[in-house]
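Breakdown of the fold
Below are the chains, spelled out letter by letter.
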There are 2 protein chains.
Amino acid sequence: VTLADRFFDLHARGAAFVLPNVWDAASARIFEQQGFPALATSSAGLANSLGYADGEHIYVDELYAGIARIVHAVHVPVSADLEAGFGNSPDAVVATFERAAAAGAVGANIEDFDPVAGQLVPIEEQCERIRAVKARAHAIGMRFFVNARCDIVLNDIGPAETRVERSIERLQAFAAAGADGVFLPGLDDLPSIERVAAAIAVPLNILGGATTPSVAELKRAGVARVSIGSSAMRRTLALVRDIAKELRDEGTFAFARDALPAAEVNGLFLR
Amino acid sequence: VTLADRFFDLHARGAAFVLPNVWDAASARIFEQQGFPALATSSAGLANSLGYADGEHIYVDELYAGIARIVHAVHVPVSADLEAGFGNSPDAVVATFERAAAAGAVGANIEDFDPVAGQLVPIEEQCERIRAVKARAHAIGMRFFVNARCDIVLNDIGPAETRVERSIERLQAFAAAGADGVFLPGLDDLPSIERVAAAIAVPLNILGGATTPSVAELKRAGVARVSIGSSAMRRTLALVRDIAKELRDEGTFAFARDALPAAEVNGLFLR
């Protein structure tokens, strides 16, 4: 059984397995140690930790190196967040996915909002990209989980009352084009989530967060996979800011009392 | 005024300026934004975030790339934690310092405990390394702050009752060899800190932490600089573990409520 097989097998209707998004080797090892069977990268978390804004601003060599560091730090399968594929042709997107696969990823997300053009990728173009990626994986005999994301809800695109319907239309097309799973971030009401899960033939990924139902509720709604985006990374940055304020305003080190011991952290990397 | 000039000027007897140790571009930007006039890297934090244990296990190209990412993310001077210099000759240590300087660091620490040999570097050898680094900086006309660290107290080396005395002997020798400052981590009682500060002619760096006096007390004791090692990084990893436990055991996302907003974090890198 390969890592990719293990990753595919986690996806089942209503499995609602939690796929935490990590940003560096240390966060990856902590989540792995706590028993998560697979990890994803967060494009924002990875970019921010390396000095870039999210939105395909990262120097791509840094992106693939970041993915590789995470893959090599853990023994569980890792899915890569590749934003909209860093390119606006099927060939360019295939090249991006190939480099992520070479870095060790067993799957990747592909978004349908082009951050450079600032608009949705036309549905047929996005389907072509998905078909091209799946055809390439098939040609080289590699299982690679393509998670096709629709950004209509997340980015508030078009009339609010038709967003779920238009998202379903796109996700169905992406599934028909060969996507192994689909992802609709931003959706946080259970009836809509249930409706989407019932309308799509492949596993549905929902973004869990401060305003969403719990994992148990998402499971009952038929969700296959729950990821968290960059929220864990951004929560740690809020803590970094609190630490900075304590040091600056109080000149004390109370924060250090709750730190993991150095020997324990180094032990994560001595195997 | 260069970044190096600004960094040197922060060091004055009793200044007790806080030099936070960061581990990636995001932590660097947060501390810079909170007003700190200079930053240091944490060798452990940087190594752990990239998938290595501390103790010169890191692939050195990753070390210098990590330093460069931090330097390029901020406008304040950055001092590099170079452990014991990644080499056991003056030439090897000079090469290490040159690469850190090329990555943009304005200064660096050098430890007197060899993590490969597992013992203290003989005092005269360590002085030779310090002299070689300062001579090279002088030869190329570069100001570079060499912070010579003594590891006797931190690593519990030799009889407890003579550790402070033996540390002072070494730190005095390092200062005489040209070190711009000295660093005695592990010392946490004020009388000893005061004694060391009074005995050394160059600025004294103390490691602040859960068991040390406050910055105000260190200032009264004559300390010039207060760093924090990897404690802030390890505190965030304790939070990552708590987040992992909430996701695993509760299936909820309460942690995400306190995350910094994505737009704010990305804004740190859009300048």
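Before reading on, note that the structure itself is shown above.
On a predicted model such as this, the values are computed, not experimentally measured, just so you know.

1. So, the interface of chain A and chain B
Across the boundary between the two partners, chain A contributes 61 residues, which contact 61 residues of chain B. Contact between chain A and chain B buries roughly 5,300 Å² in total, counting both sides, with carbon and sulfur atoms accounting for 72%. Interface area lost by chain A to chain B is led by A:Gln34, A:Arg235 and A:Phe253, which between them contribute 12%. Joining chain A to chain B, the criterion identifies 4 salt bridges. Taking the shortest distance from any N to any O, the salt bridge between B:Glu62 and A:Arg69 comes out at 3.2 Å.

2. Focus: the packing of helix 7 (residues 163-176) of chain A against helix 8 (residues 190-199) of chain A
All names here are of chain A. Running from amino to carboxyl end, helix 7 crosses helix 8 at an angle of 25°, the nearest separation of the two axes being 10 Å. Between helix 7 and helix 8, the angle is such that the two are roughly parallel. Note on packing geometry: the crossing formed by helix 7 with helix 8 is right-handed. Here Val164, Glu165, Ile168, Leu171 and Gln172 of helix 7 come into contact with helix 8, specifically with Ser192, Arg195, Val196 and Ala199. Among the residues making up the contact of helix 7 with helix 8, the classes are represented as 5 nonpolar, 2 polar and 2 charged.

3. Side note on the sheet that holds strand 9 (residues 181-183) of chain B
Residues and elements named next belong to chain B. The sheet built from 9 strands is open, its strands ordered 1-11-10-9-8-5-4-3-2 with parallel pairing. Each edge of the open sheet carries a strand with a single partner, namely strand 1 (17-19) and strand 2 (21-22). Relative to strand 9, strand 8 (residues 145-149) runs parallel, the two sharing 3 bridges. Within the sheet, the bridge partner assigned to arginine 149 lies in strand 9 and is phenylalanine 183.

4. What about the environment of A:Leu19?
All names here are of chain A. Looking at the secondary structure, you find leucine 19 in strand 1 (residues 17-19). What makes leucine 19 buried here is its relative accessible area of 0%. A sequence separation of 12 residues divides leucine 19 from phenylalanine 31, and the C-alpha atoms of the two residues are 9.7 Å apart. Apart from the residues lying within four places of it in its own chain, the contact partners of leucine 19 are Phe7, Ala38, Leu39, Ala40, Arg225, Val226, Ser227 and Ile228.

5. Structural notes on the packing of aromatic side chains
According to the stated counting rule, one finds 9 aromatic pairs over all chains in the structure shown. Seen from their ring centres, A:Phe7 and A:Phe145 are 5.6 Å apart, and the 80° between their planes marks the pair as edge-to-face. Here A:Phe145 lies in strand 8 (residues 145-149) and A:Phe7 lies in helix 1 (residues 3-10), a separation of 138 residues in the sequence. Accessibility assignment for this pair places A:Phe7 and A:Phe145 in one class, buried. The residue whose ring lies beneath B:Arg143 is B:Phe8, and the NZ or CZ to ring-centre distance is 4.0 Å.

The rules behind the values
Residues numbered from 1 in each chain as written. Chains lettered and ligands numbered in written order. Predicted model: local features only at pLDDT ≥ 70, side-chain atom pairs only at ≥ 80, totals over all residues. Heavy atoms only, no water. Contact = heavy atoms within 4.5 Å. Buried area = accessible area lost by both parts, 1.4 Å probe. Salt bridge = Lys/Arg side-chain N within 4 Å of Asp/Glu carboxyl O. Axes fitted to C-alpha atoms, helices over the stretch in contact; angles between N-to-C directions. Helix = DSSP H or I, 4+ residues; strand = E, 2+ residues; numbered from the N terminus. Parallel < 35°, antiparallel > 145°, perpendicular 65-115°, else oblique. Left-handed = near helix turned anticlockwise from the far one by under 90°. Nonpolar A, V, L, I, M, F, W, Y, C, P; charged D, E, K, R; others polar. Pairing = 2+ DSSP bridges. Buried < 20%, exposed > 50% of the residue type's maximum accessible area, 1.4 Å probe, protein only. Phe/Tyr/Trp six-rings, centres within 6.5 Å; stacked < 30°, edge-to-face > 60°. Lys NZ or Arg CZ within 6 Å of the ring centre and 35° of its normal.

Interpretation note: all reported values are geometric properties and have no functional meaning in isolation.
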